[in-house]
Amino acid sequence: MGDESVSARPPSIRDVARIAGVSRQTVSRVINRHPNISAGTESRVRAAMEQLAWRPNSMARALATSRTHSIGLLVSARSHYGPFSAAGGVDDAARARGYTIVSATMAGSDETEIADALDALVRQGVEALVVIAPQERAHEALQRVAIGVPSITLQWRDGPEGRSVAFDQQAGARAATRYLIDLGHREILHLAGPQDWSEAEDRMRGYLAEMSDRDLTPMPPVLGDWTADTAFELGRRLLRFRDFSAVFSSNDQMALGFVHAAAEAGLRVPQDLSIVGFDDIPEAKHFTPPLTTVRQDFDELGRRAIGILVAEIEGSADTGYPMVTTPELIVRASASRPA
């Protein structure tokens, strides 16, 4: 009868300790990733946890340690590829370090909405915050909000007090523009992103700087909204009076819309029109033709951000991660020498 009642109840930390042949304190140290636990002991404890299908109760763990092992993630414009992918990279990196992500999405980007969203996350006991808010107005509002826990921004090179990890958007844009120039193009159109996005602004600056450094006259950038639909309509109008041989698009979705417009106009890519994008979305290699683009490693960005925050939370050695990294140009078939 006693054995049946034991087997009927949910497993506990005592059961894990018994099967692993260790104390409850040792199980707790394994759960909390104590640095002085041997690999063999940790392996036995985790094997016992798997055998019993037991997971630590997060609330009990928080009460026992005065820690939640959670990191807040505040995202604006989650529907766009960049913020969505960056959020995924943060979540994966946090879980790999034993932390959970508590996320919130901003409906707007004024100071009150940002402050309310940050306050809601802090009230849930998060030990640090990651903020992904690439719009100019959101960034300005963030600068004025007191957060109260370690924080870091993604994608802004000039985050609060320099606390940001980012891609060098200008360097990526210059590489894309340089590639087209080196192929022999001189009239290069830049299809820019929304004016209030930091990435769009930096990519436009990179295009203008590279054209200027090569003694070429840049064309007035054309503003898009990151979507293929808008780029398609812009392409239909611009290609009627085509005075350019190549296009540098500020993201891959707009490049796709422009490729569609070119096909509708009877133009071949890259024989009649070369196109380079930015982001290297998973579908980019399946465009017709496959898209030359600039790759951003969002998983690595997440690892860097979480590494910096965890080092601060746990008082461990600084990760030494560089705060800014350069995206990589991926050459495929959508650009060639002008006819």
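Predicted, not measured: the structure shown is a model, and the values here were computed from it.

Draft legend 1. Structural view of the nonpolar core. Residues Phe-248, Phe-258 and Ile-275 are the most contacted members of the largest nonpolar core, which totals 43 residues. At the level of elements, helix 9 (169–183), strand 6 (188–192), helix 10 (198–213), helix 11 (228–238), strand 8 (246–249), helix 12 (252–264) and strand 9 (274–276) are the ones that each hand at least two residues to this core. Beyond its immediate sequence surroundings of up to four residues, Ile-275 is in contact with Val-247, Ala-255, Phe-258, Val-259, Val-269, Leu-291, Thr-292, Ser-334 and Ala-335. By size, the runner-up hydrophobic cluster in this structure holds 24 residues, among which are Ala-86, Ala-94, Val-130 and Ala-305.

Draft legend 2. Up close: the sheet that holds strand 7 (residues 222–223). Spatial ordering of the open sheet is given by 7-6-8-9, a layout of 4 strands whose pairing is parallel. If you trace the sheet from one side to the other, it starts and ends with strand 7 and strand 9, each paired once. Both strand 6 and strand 7 contribute to a ladder of 2 bridges, which runs parallel. Paired with Leu-191 across the bridge in strand 7 is Val-222. Packing against the sheet, helix 9 makes contact with strand 6, strand 8 and strand 9, and its axis sits at approximately 170 degrees to strand 8.

Draft legend 3. Representation of the pairing of strand 3 (residues 129–132). A two-sided burial pattern is seen for strand 3, the buried positions comprising Leu-129 and Val-131 on one face and Val-130 and Ile-132 on the other. The pairing of strand 1 (residues 70–76) with strand 3 spans 4 bridges and is classified as parallel. In the strand pairing of strand 3, Val-75 is matched with Ile-132. Of the pairings in the sheet, the one linking strand 3 to strand 4 (residues 151–154) comprises 3 bridges and is parallel in character. Paired with Val-130 across the bridge in strand 4 is Ile-152.

Draft legend 4. Just the packing of aromatic side chains, in detail. Scanning all chains against the criterion turns up 5 aromatic pairs. Their ring planes at 80 degrees and their centres at 5.9 Å tell us that Tyr-81 and Phe-298 sit as a pair that is edge-to-face. Of this pair, Tyr-81 sits in helix 6 (residues 81–96) while Phe-298 sits in helix 13 (residues 298–314), and the two are 217 residues apart along the sequence. Taken together, the ring pairs connect Tyr-81, Phe-167 and Phe-298 into an aromatic cluster.

Draft legend 5. A look at the sheet that holds strand 2 (residues 100–106). The 6 strands are arranged 2-1-3-4-5-11 in an open sheet whose pairing can be described as parallel. Of all strands in the sheet, those with a lone pairing partner are strand 2 and strand 11 (324–325), marking the two edges. Pairing geometry for strand 4 and strand 5 (residues 164–167), over 2 bridges, is parallel. Opposite Leu-154, over in strand 5, you have Val-165 as the bridge partner.

Draft legend 6. Highlighting the pattern of salt bridges. Under the criterion given, the structure shown has 19 salt bridges. The closest approach of N and O atoms between Arg-203 and Asp-279, which form a salt bridge, is 3.8 Å. Of this pair, Arg-203 sits in helix 10 while Asp-279 sits in the loop between strand 9 and strand 10 (293–295), and the two are 76 residues apart along the sequence. Each member of the pair, Arg-203 as well as Asp-279, carries the same accessibility label: buried.

Draft legend 7. Focus on helix 10. Taking 1.5 Å per residue as the helical rise, helix 10 with its 16 residues ought to reach 22 Å, and the 22 Å between its terminal C-alpha atoms agrees with that figure. Taken residue by residue, helix 10 has Ser-198, Glu-199, Ala-200, Glu-201, Asp-202, Arg-203, Met-204, Gly-206, Tyr-207, Glu-210 and Met-211 as its buried positions. Of the residues trailing helix 10, Asp-215 is marked for its positive phi of about 60 degrees.

Draft legend 8. Local environment of unusual backbone geometry. Cis geometry is adopted by the peptide bond preceding Pro-270, which originates at Val-269 and carries an omega value of 10 degrees. If you trace the backbone, Pro-270 turns up in the loop between helix 12 and strand 9. Going from Thr-288 to Pro-289, the amide bond is cis rather than trans, its omega being -5 degrees. Position of Pro-289 among the secondary structure elements: in the loop between strand 9 and strand 10.

Draft legend 9. Geometry of the side chain of Ser-245. Within the fold, Ser-245 resides in the loop between helix 11 and strand 8. Those residues within four positions of Ser-245 in sequence are excluded, and the remaining contacts are His-185, Arg-186, Glu-187, Asp-272, Leu-273, Ser-274 and Pro-338.

Draft legend 10. Local environment of the environment of Pro-83. Note that Pro-83 resides in helix 6. We classify Pro-83 as buried; its relative accessible area is 2%. Once the C-alpha coordinates of Pro-83 and Val-131 are considered, the two residues, 48 residues apart in sequence, prove to be 9.9 Å apart.

Draft legend 11. Representation of the packing of helix 6 against helix 13. Where helix 6 meets helix 13, the axes come as close as 7 Å, and the angle between the chain directions of the two elements is 50 degrees. Looking at the two axes, helix 6 sits oblique to helix 13. As helix 6 runs across helix 13, the sense of the crossing is right-handed. Residues Tyr-81, Gly-82, Ser-85, Ala-86, Gly-89, Val-90, Asp-92, Ala-93 and Ala-94 of helix 6 form the contact with helix 13, whose own contacting residues are Phe-298, Asp-299, Gly-302, Arg-303 and Ile-306. Looking at side-chain class alone, the contact of helix 6 with helix 13 contains 7 nonpolar, 4 polar and 3 charged residues.

Rules used throughout
Residues numbered from 1 in each chain as written. Predicted model: local features only at pLDDT ≥ 70, side-chain atom pairs only at ≥ 80, totals over all residues. Heavy atoms only, no water. Core = buried A, V, L, I, M, F, W, Y, C linked by side-chain atoms within 4.5 Å. Buried < 20%, exposed > 50% of the residue type's maximum accessible area, 1.4 Å probe, protein only. Helix = DSSP H or I, 4+ residues; strand = E, 2+ residues; numbered from the N terminus. Contact = heavy atoms within 4.5 Å. Pairing = 2+ DSSP bridges. Axes fitted to C-alpha atoms, helices over the stretch in contact; angles between N-to-C directions. Phe/Tyr/Trp six-rings, centres within 6.5 Å; stacked < 30°, edge-to-face > 60°. Salt bridge = Lys/Arg side-chain N within 4 Å of Asp/Glu carboxyl O. Expected span 1.5 Å × (residues − 1). Parallel < 35°, antiparallel > 145°, perpendicular 65-115°, else oblique. Left-handed = near helix turned anticlockwise from the far one by under 90°. Nonpolar A, V, L, I, M, F, W, Y, C, P; charged D, E, K, R; others polar.

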